[in-house]
Amino acid sequence: TLFMLVLARLLTPADFGFFTSIAILFTFLGSMAGLGLNGAIIQFREVDDTAFSTAFWMVFLCALVLSVTASLFASALTELYSDPRIKVLIPSAALSMLLGVCASFYASLLRRRLCIAALAKRTIVANTVAGAAAVWAAYAGLGVYALVVQQLLGSLLSMILVYRASSWTPSLKFDTAHACNMLKFGMPLCGADFLTKYNRESPKIFVGIFLGVEALG
C-alpha cells in the first residue's frame with residue numbers, strides 16, 4: 001500500500017524485521033485462538049443467539065488466555081535478548097491479536113448476513129487511519145513503534161466498526177451442546193488454517209533465524 005511505501009522510506013530493514021519476528025508468533029496464536037469457529041458460524045444453516053454467544057465466548061477466552069500467556073514471557077525475553085523493545089512489542093501484539101480475533105468473529109457474522117459493503121468500509125477506514133497514524137509516528141522518530149501504532153490502531157478500529165455494523169452483543173449464555181457441535185466442525189478448519197499459515201510464514205522464520213532480523217525486514 002501507499003503507507004507501506006512511505007514507511008519503507010522512513011524505517012530501517014531492522015525495524016521491519018524485528019517487528020515481523022514478533023508478528024509471526026501472533027499470526028500462529030491468532031489462528032489457534034479462532035478455533036475454526038468463524039467458518040462454522042458462516043456454514044451452519046441455523047444458528048441462534050445462544051450459539052453465536054457460545055462461539056464468541058470460546059474464541060474470546062481462548063484468545064485471552066493465549067494473549068496473557070505470551071505477555072507473561074515479555075519481561076523474561078527482554079532480559080534474555082537485552083532488548084527493551086520486546087517488553088512493549090509482545091504485550092501490544094498480544095492485545096492486537098485479541099482485538100483482531102474478536103473482529104474476525106464479528107466479520108464472520110457480517111459475511112453470514114452478506115453485509116459486504118460494511119466489511120469493505122471497515123477495511124478502507126481502518127487501513128487508512130492506521131496507516132496515516134503509523135506514518136506520523138515514523139516521522140516523529142518512533143522507529144519500530146510506528147508499526148506497533150499501525151497494528152494496534154488498525155485492530156481497534158476494525159473491532160469498533162464491525163461491532164457497530166453487526167448491531168449484535170453477545171449474551172452471557174454458553175451451551176455445551178452447541179460448543180461441541182461447532183468445535184467438531186471448526187477444529188479441522190483451524191488445523192488447515194494453521195498449516196496454511198505455516199507454509200506461508202515458515203520461510204520468514206528461517207530467514208530470521210539464519211540471516212537475522214535485518215534480512216527479514
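Residues numbered from 1 in each chain as written. Predicted model: local features only at pLDDT ≥ 70, side-chain atom pairs only at ≥ 80, totals over all residues. Heavy atoms only, no water.

Chemist: Any chance you could explain the packing of aromatic side chains here in plain terms?
Modeler: What characterises a pair of aromatic rings is the spacing of the ring centres plus the angle enclosed by the ring planes. Evaluation of the coordinates by the stated rule reveals 13 aromatic pairs. Between the aromatic rings of F28 and F194, the centroid separation amounts to 5.3 Å while the plane-to-plane angle is 45°, which identifies the pairing as tilted. Residue F28 is found in helix α2 (residues 13-34), and its partner F194 is found in helix α9 (residues 176-211); the two are separated by 166 residues along the sequence. Residue classification places F194 among the partly exposed positions, given a relative accessible area of 29%. Seen in terms of ring centroids, F56 and Y106 are 6.0 Å apart; in terms of plane orientation they differ by 75°. Their pairing is edge-to-face. Here F56 is found in helix α4 (residues 49-72), whereas its partner Y106 is found in helix α6 (residues 86-112), with 50 residues between them in sequence. Just as F56 is buried, Y106 falls in that class too. Feature note: the residues F52, F56, W57, F60, F105, Y106, Y163 and W168 constitute an aromatic cluster, connected by ring pairs. The ring of F18 is capped by R85, whose NZ or CZ atom sits 4.1 Å from the centre of that ring. (Phe/Tyr/Trp six-rings, centres within 6.5 Å; stacked < 30°, edge-to-face > 60°. Helix = DSSP H or I, 4+ residues; strand = E, 2+ residues; numbered from the N terminus. Buried < 20%, exposed > 50% of the residue type's maximum accessible area, 1.4 Å probe, protein only. Lys NZ or Arg CZ within 6 Å of the ring centre and 35° of its normal.)

Chemist: Honestly, helix α8 (residues 145-166) in this entry has me stumped. Any pointers?
Modeler: For the α-helix, the turn length of 3.6 residues means that residues three or four positions removed from each other point alike. In a regular helix each residue adds 1.5 Å, so 22 residues correspond to 32 Å; α8 covers 31 Å between its end C-alpha atoms and thus fits that length. Among the residues making up α8, those that are buried are A146, L147, V148, Q150, G154, S155, L157, S158, M159, V162 and S166. Elements that come into contact with the buried residues of α8 comprise α1 (2-10), α2, α6 and α7 (116-139). S167 lies just past α8 and shows a positive phi near 55°. (Expected span 1.5 Å × (residues − 1). Contact = heavy atoms within 4.5 Å.)

Chemist: Teacher, can you tell me more about the nonpolar core here?
Modeler: In globular proteins that are soluble, nonpolar side chains generally tend to be buried together. The biggest cluster of nonpolar side chains holds 55 residues, and the ones touching the most others in it are L7, F26, L37, F105 and M182. When residues no more than four places from it in sequence are discounted, the contact partners of L7 are F16, A134, V135, A138, L147 and Q150. (Core = buried A, V, L, I, M, F, W, Y, C linked by side-chain atoms within 4.5 Å.)

Chemist: Which parts of the structure should I look at to understand the pattern of salt bridges?
Modeler: Opposite charge on two side chains makes pairing possible when the charged atoms of those side chains draw close. Following the criterion strictly, the structure yields 2 salt bridges and no others. R85 serves as the salt-bridge partner of D15, at 3.9 Å between the closest nitrogen and oxygen. Taken as a pair, D15 in helix α2 and R85 in the loop between α5 (74-81) and α6 lie far apart in primary sequence, 70 residues in all. What makes D15 buried here is its relative accessible area of 11%. Residues D193 and K197 are paired through a salt bridge, measuring 3.0 Å at the closest nitrogen-oxygen approach. With D193 and K197 both in helix α9, this residue pair falls 4 residues apart, about one helical turn. (Salt bridge = Lys/Arg side-chain N within 4 Å of Asp/Glu carboxyl O.)

Chemist: What is the right way to look at the layout of surface pockets in this model?
Modeler: Any empty space left between atoms is shown by rolling a water-sized probe over those atoms. In this structure, the largest pocket encloses a volume near 1300 Å³. Residue lining of the largest pocket: 45 residues in total, with T27, S96, G100, Q151 and S155 positioned closest to the centre. For the lining of the largest pocket, the secondary-structure elements that each account for two or more residues are α1, α2, α3 (37-43), α6, α7, α8 and α9. Ranked by residues supplied to the lining of the largest pocket, first place goes to α2 with 10 residues. Of the residues that constitute the lining of the largest pocket, the class distribution is 19 nonpolar, 19 polar and 7 charged. (1 Å grid on protein atoms, 1.4 Å probe; cavity = no way out; pocket = protein on both sides within 12 Å on 5 of 7 lines; lining within 4 Å. Points joined across faces, edges and corners; volume = space filled by probe spheres on them. Nonpolar A, V, L, I, M, F, W, Y, C, P; charged D, E, K, R; others polar.)

Chemist: Please clarify how the side chain of S158 should be interpreted in this entry.
Modeler: In this fold, S158 is placed in helix α8. With relative accessibility at 13%, the residue S158 sits in the buried group. Apart from residues no more than four positions distant in its own chain, S158 is found in contact with A103, R122 and A126.

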